[in-house]
Amino acid sequence: MEILKTKNLMQQWSKARKKKDKTICFVPTMGYLHQGHISLLEKGKPLCDELVLSIFINPTQFGPNEDLAAYPVDIEKDLFLAEAAGVTAVFLPQKEDIYPHNFQTKIFLDRLPSYLCGHSRPIHFGGVATVVTKLFHIVMPDVAIFGKKDYQQLQIIRQMVCDLDFDIKILGGEIVRESDGLAMSSRNAYLTADQRESALSLSRSIQMAAAAIANGEKKSGVIQNQMESFIKGYPHTRIDYISFCDPHTLESVDIIDRQILLALAVHVGKTRLIDNCLIAPSQ
Ligand code: AMP
C-alpha cells in the first residue's frame with residue numbers, strides 16, 4: 001500500500017496506473033475509520049484494479065461553530081485498517097496543498113443543498129462538492145463510492161457528476177449500524193455513555209415511522225409529531241430536522257403514497273447525528 005502525501009504525487013501515481021490501463025476505485029473519507037468506511041472499501045475492492053482511500057478533514061465543509069478542531073484522528077489505525085481492506089494507495093494531503101493561498105473557486109448547486117442538512121449547515125455541501133471535485137481531478141477514479149448514511153451528500157455528488165460530465169461511476173454503500181441500530185459514525189466517539197443511549201432515538205424513531213407507514217398511515221405530519229415526542233423523551237436530545245421527502249429532489253412530501261426518504265438530524269449533547277431510511281408505503 002502506497003501512502004501519497006501530496007496532490008502531485010497522487011496524480012502522478014494515478015496517471016501511471018491509467019497508462020497501464022488500470023482502473024481505479026476511490027473512497028473519500030475524513031478518516032477515523034469504522035466499519036461503515038470499511039464496507040465501502042470492501043464494495044470497491046472487486047470492482048477495479050486499484051483501490052484508493054483518501055483521508056482529509058476538509059475544513060471548508062465545517063461551519064464556524066462546528067467540530068473541525070475536535071474531529072477525531074487516528075492515522076496509524078486508519079492505515080492499518082486500510083491495508084487490511086486491500087487499499088492500494090492512501091491519499092493523505094495537507095490542507096495547504098488542497099487549498100493553497102489565493103484559492104477562490106467553489107462548486108455551487110442550485111437546489112439539493114438547500115434541503116435537510118442545508119438549513120443548519122449552509123456552507124457544508126458547497127465545501128463537500130468543491131473538495132470532491134478536486135479529489136476527483138487528483139485521483140482520477142473510474143468509480144467512486146459514497147455511503148448512504150450521508151444520503152444528501154450522495155445525491156449531490158450524483159447530480160454534480162451528471163451536470164458537470166465527470167466520467168466517473170458513482171455508487172452508494174448501505175448504512176452500516178452498530179448491533180443496537182445506531183448508524184456508525186466517527187462522531188459517535190464524542191458521545192458519553194448517557195448520550196450513547198439517547199443516540200438510539202434516531203434509529204428507533206425511524207423504525208417507529210416505518211411501522212406506522214406499514215400500518216397504513218399516510219400523513220407525514222402525523223408520523224413526524226410522533227417521532228418528535230419520541231425523541232424528546234430521551235435526555236440530551238435536540239431535534240434539528242425530521243424530513244419526509246422525495247428521494248431524488250429532497251422536496252418534502254405530505255402524503256406518503258410512494259417511496260419516500262425519511263431523514264433526520266438530532267443533536268445529542270453537543271454531537272449532531274444524522275440517520276435516514278428509504279420507506280415505501282404498504283400496498
Ligand atoms: P466521513 O469520513 O464521515 O466523511 O465518511 C466517508 C464516507 O463514509 C462517506 O461516503 C460516508 O457516507 C460513508 N459512511 C460514513 N458512515 C457510514 C456508515 N455508517 N455506513 C456506510 N457508509 C458510511
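Residues numbered from 1 in each chain as written. Predicted model: local features only at pLDDT ≥ 70, side-chain atom pairs only at ≥ 80, totals over all residues. Heavy atoms only, no water.

Draft legend 1. Broad picture of the pattern of salt bridges. Tallied over the full model, the rule gives 13 salt bridges. With a closest N to O distance of 3.4 Å, Lys18 and Asp142 form a salt bridge. Of this pair, Lys18 sits in helix 1 (residues 7-19) while Asp142 sits in the loop between helix 5 (124-139) and strand 5 (143-147), and the two are 124 residues apart along the sequence. A relative accessible area of 27% means that Asp142 is categorised as partly exposed. One salt-bridge network, in which partners are shared between bridges, spans Glu2, Arg17 and Glu50. (Salt bridge = Lys/Arg side-chain N within 4 Å of Asp/Glu carboxyl O. Helix = DSSP H or I, 4+ residues; strand = E, 2+ residues; numbered from the N terminus. Buried < 20%, exposed > 50% of the residue type's maximum accessible area, 1.4 Å probe, protein only.)

Draft legend 2. Quick look at the packing of helix 8 (residues 200-214) against helix 9 (residues 220-232). Where helix 8 meets helix 9, the closest approach of the two axes is 10 Å, and the angle between their N-to-C directions is 150°. By the angle class used here, helix 8 and helix 9 are roughly antiparallel. Crossing of helix 8 over helix 9 shows right-handed handedness. Along the contact surface, helix 8 presents Ser201, Arg204, Ser205, Ile206, Met208, Ala209, Ala212 and Ile213, while helix 9 presents Ile223, Gln226, Met227, Phe230 and Ile231. (Axes fitted to C-alpha atoms, helices over the stretch in contact; angles between N-to-C directions. Parallel < 35°, antiparallel > 145°, perpendicular 65-115°, else oblique. Left-handed = near helix turned anticlockwise from the far one by under 90°. Contact = heavy atoms within 4.5 Å.)

Draft legend 3. Structural context of the packing of aromatic side chains. Within this structure, the stated rule accounts for seven aromatic pairs. Relative to Tyr99, the ring of Phe56 lies with its centre 6.3 Å away and its plane at 35°, an arrangement referred to as tilted. Residue Phe56 is located in the loop between strand 3 (50-55) and helix 3 (75-84), and its partner Tyr99 is located in the loop between helix 4 (95-98) and helix 5; the two are separated by 43 residues in the primary sequence. Under the relative-accessibility criterion, Phe56 is labelled buried at 6%. Look at Tyr99 and you get buried, because its relative accessible area is 15%. Taking 6.3 Å as the distance between ring centres and 75° as the angle between the ring planes, the aromatic pair formed by Phe136 and Phe146 counts as edge-to-face. Residue Phe136 is found in helix 5, and its partner Phe146 is found in strand 5; the two are separated by ten residues along the sequence. Since its relative accessible area comes to 4%, Phe146 is described here as buried. (Phe/Tyr/Trp six-rings, centres within 6.5 Å; stacked < 30°, edge-to-face > 60°.)

Draft legend 4. Spatial organisation of the site of the ligand. Close to the ligand lie 17 residues; His37, Gly147, Asp150, Val176 and Met184 are nearest. For the ligand, a nitrogen atom lies 2.9 Å from a polar atom in the backbone of Val176. Met184 is positioned with one of its backbone polar atoms (N or O) 2.8 Å from a nitrogen atom of the ligand. For the shell around the ligand, the secondary-structure elements that each account for two or more residues are strand 2 (24-29), helix 2 (35-44) and strand 5. If you tally residues by element for the shell around the ligand, the top one is helix 2, at three residues. Looking at the shell around the ligand residue by residue, the classes come out as eight nonpolar, six polar and three charged. (Near = heavy atom within 4 Å. Polar contact = N/O pair within 3.5 Å; in protein donor to acceptor, adjacent residues only side chain to side chain. Nonpolar A, V, L, I, M, F, W, Y, C, P; charged D, E, K, R; others polar.)

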